[in-house]
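A structural walkthrough
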Amino acid sequence: MSSTSIVLGIFLLYWFLISILDRRGILEKYNISTFGPLPILMIRTTKGLKLLDILARPKSYWRVFANVGILMMFAGMVAMFLVIAISDLALYTSFLNNSVPEPGKYNAPRNILLIPGVNEFIPFTWGVIALIVTLVVHEFSHAILCRVEDIRVKSMGILFALVPIGGFAEPDDEQLFGKKRRSKKRAVADSYD
């Protein structure tokens, strides 16, 4: 039996168990809900929400931090567009000149994806640690900026599908959409990434 079959079997068993637990209301009892057509779990918690109010006290600092972050986000979008456009142009010209490089260690398909453990240059342990730290800092920043703008944070948590795949800070929608445009930008800039 191949490893792909084993992984697929484990995933289907996980999907089946999540479906049963969801139908019986067991997930809801523990403040867990399913998200989307795939068995992605949203595991919510309200622990740490009081810490947000403490961290959000220097409001002027956080507003400057958010304004700089918005500018950096747009600069990053432009930079990534240029990187992709230049890479596509280089690939296109290499096809025209019949000078496409042979696959090697650095341009192997597995090394193009930045997945810890798959990419030869990103060790699994350190890659997972970096991912977790990045998720926590990123989502905590959204939650802190919501509190800076006096938007209630209902919960925070992780997205889980056999392994953690993301995080979230869940602001109060009514308060968020009732705010001025600039406050909304600061609170949720790049939150759908």
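Shown above is the structure to which this text applies.
Residues numbered from 1 in each chain as written. Predicted model: local features only at pLDDT ≥ 70, side-chain atom pairs only at ≥ 80, totals over all residues. Heavy atoms only, no water.

A word on the overall build of the protein
This is how it is decided: We count a stretch as a helix when DSSP gives it H or I for four or more residues in a row; a strand needs E for two or more, and each element gets its number in order from the N terminus. When we talk radius of gyration, it's over C-alpha atoms, and the globule rule is simply 2.2 Å times the number of residues to the 0.38. Here's how the labels work: a residue is buried when its accessible area is under 20% of the maximum for its type, exposed when over 50%, partly exposed in between, all with a 1.4 Å probe on protein chains only. Note on definitions: a residue-residue contact is assigned when non-hydrogen atoms from the two residues lie within 4.5 Å. The Shrake-Rupley method, run with a 1.4 Å probe sphere, supplies the accessible areas, and residue values consider only the shown protein chains as cover. As used throughout, the charge tally considers Lys and Arg to be positive and Asp and Glu to be negative, leaving His and the chain termini uncounted. Lysine's charge is taken at NZ, arginine's at CZ, aspartate's at CG and glutamate's at CD.
Across its full length, the protein carries 8 helices and 4 strands. In the protein, the order of α-helices and β-strands from amino to carboxyl end is α-α-β-β-α-α-α-α-β-β-α-α. For 193 residues, the compact-globule estimate of 2.2 N^0.38 gives 16 Å, and the protein exceeds it by more than 25% at 21 Å. When its C-alpha atoms are laid out on the principal axes, the protein stretches across 60 × 45 × 30 Å. Evaluated residue by residue, the protein yields a buried proportion of 24% over its 193 residues. Of all intrachain contacts in the protein linking residues separated by at least 6 positions in sequence, the fraction that spans at least 24 positions is 54%. In the form shown here, the protein has an accessible surface area of approximately 13900 Å², with 69% of it arising from carbon and sulfur atoms. Computed over 21 positive and 15 negative side-chain charges, the inter-centroid distance for the protein is 7 Å.

Points about the pairing of strand β4 (residues 163-171)
Regular strands have side chains that alternate between both faces of the sheet. Quick note on the threshold: Paired strands, as defined in this entry, are two strands with at least two bridges between them according to DSSP.
Both strand β3 (residues 153-161) and β4 contribute to a ladder of 8 bridges, which runs antiparallel. Across the sheet, residue S155 finds its bridge partner in β4, namely E170.

Here's the deal with the pairing of strand β2 (residues 40-45)
Where strand β1 (residues 32-35) and β2 come together, 4 bridges link them in antiparallel fashion. Across the sheet, the residue bridging to I32 is I43, located in β2. Hairpin connection between β1 and β2: a loop of 4 residues separates the two successive antiparallel strands, and G36 in this loop has a positive phi of roughly 75°. Of the strand pairs in this sheet, β2 and β3 are connected by 5 bridges, and their pairing is antiparallel. Each residue of the ladder has a partner; that of M42, found in β3, is L159.

This is a description of form; function is not addressed.
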